[in-house]
Amino acid sequence: MTHEEWETKCKCCARCCYEKIDFEGEVYFTDTPCEKLDLETLRCTVYADRDIRRPGCVRLTPELVTKGFLPGDCPYVENISDYVAPVPFDETNR
Ligand code: SF4
Ligand code: SF4
């Protein structure tokens, strides 16, 4: 798969651009967006150089997408049969 083919799999829902919590091996989504996410367009404002402009933002790779940080209907993981997706974090999780 070319880099362009890999990139075009993303449907730009931006759900992976919200803070996540890894608590005892379980990953939770929060409702806190990355400060570089444009909430109107749902696009990253620093995408081309996000590694530099937003340290901690990781580029997706085939290996990394298996780690449980993407929603279950994300095209990068929807065909992984044993994929465990994050769950929304709310008061009931505390
Ligand atoms: S969750 Fe998947 S489809 Fe949505 S923005 Fe992230 S990588 Fe793209
Ligand atoms: S830097 Fe951009 S791609 Fe990375 S999490 Fe923030 S908004 Fe998303």
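Within an unreviewed UniProt entry, the label attached to the protein reads YcgN family cysteine cluster protein, and the organism entered is Syntrophotalea acetylenivorans.

K.L.:
Provide a residue-level description of the overall build of the protein, including the pertinent values.
P.N.:
On a plain count of helices and strands, the protein comes out with two helices and five strands. For the protein, the sequential pattern of α-helices and β-strands runs α-β-β-β-β-α-β. Dimensions of the protein along its principal axes, counting C-alpha atoms only, are 40 × 30 × 20 Å. Within the protein, buried positions represent 22% of all 94 residues. Considering only contacts within the protein whose residues lie at least 6 apart along the sequence, 37% involve residues at least 24 apart. As presented, the protein carries roughly 6,800 Å² of accessible surface, and 53% of it is formed by carbon and sulfur atoms. One way to put it: in the protein the 12 positive side-chain charges average out to a point 4 Å from where the 19 negative ones average out.

K.L.:
Can you explain the pairing of strand β2 (residues 26–33)? Please cite residues and give values.
P.N.:
Direction of pairing for strand β1 (residues 18–23) relative to β2: antiparallel, over a ladder of five bridges. Residue pairing across strands places Lys 20 opposite Phe 29, the latter belonging to β2. Counting the residues in the hairpin turn of β1 and β2 gives two residues, including Glu 24, whose phi is positive at 50°. In terms of strand pairing, β2 meets strand β5 (residues 87–88) through two bridges, oriented parallel. Each residue of the ladder has a partner; that of Tyr 28, found in β5, is Val 87.

K.L.:
An account of the packing of aromatic side chains is requested, with residue identities and associated values reported.
P.N.:
Enumeration according to the criterion identifies one aromatic pair in this entry. Plain terms: the ring middles of Trp 6 and Tyr 76 are 4.6 Å apart, the flat faces sit at 55° to each other, and that makes the pair tilted. With Trp 6 in helix α1 (residues 3–8) and Tyr 76 in the loop between α2 (50–53) and β5, the pair connects residues that are 70 residues apart, well separated along the chain. For the pair formed by Trp 6 and Tyr 76, the shared burial category is buried. Taking NZ or CZ as reference, Arg 50 lies 3.8 Å from the ring centre of Tyr 47, over its face.

K.L.:
Could you give me a rundown of the environment of Cys 17, with the residues and numbers involved?
P.N.:
Among the structural elements, Cys 17 can be located in the loop between α1 and β1. Overall, Cys 17 belongs to the partly exposed group, its relative accessible area being 27%. For Cys 17 and Leu 39, which are 22 residues apart along the polypeptide, the C-alpha to C-alpha distance reads 10 Å. Apart from the residues lying within four places of it in its own chain, the contact partners of Cys 17 are Pro 33, Cys 34 and Leu 37.

How each quantity is defined
- Residues numbered from 1 in each chain as written.
- Chains lettered and ligands numbered in written order.
- Predicted model: local features only at pLDDT ≥ 70, side-chain atom pairs only at ≥ 80, totals over all residues.
- Heavy atoms only, no water.
- Helix = DSSP H or I, 4+ residues; strand = E, 2+ residues; numbered from the N terminus.
- Buried < 20%, exposed > 50% of the residue type's maximum accessible area, 1.4 Å probe, protein only.
- Contact = heavy atoms within 4.5 Å.
- Areas by Shrake-Rupley, 256 points an atom, 1.4 Å probe, with all protein chains shown as cover.
- Lys, Arg positive; Asp, Glu negative; His and termini not counted.
- Charge placed at Lys NZ, Arg CZ, Asp CG, Glu CD.
- Pairing = 2+ DSSP bridges.
- Phe/Tyr/Trp six-rings, centres within 6.5 Å; stacked < 30°, edge-to-face > 60°.
- Lys NZ or Arg CZ within 6 Å of the ring centre and 35° of its normal.

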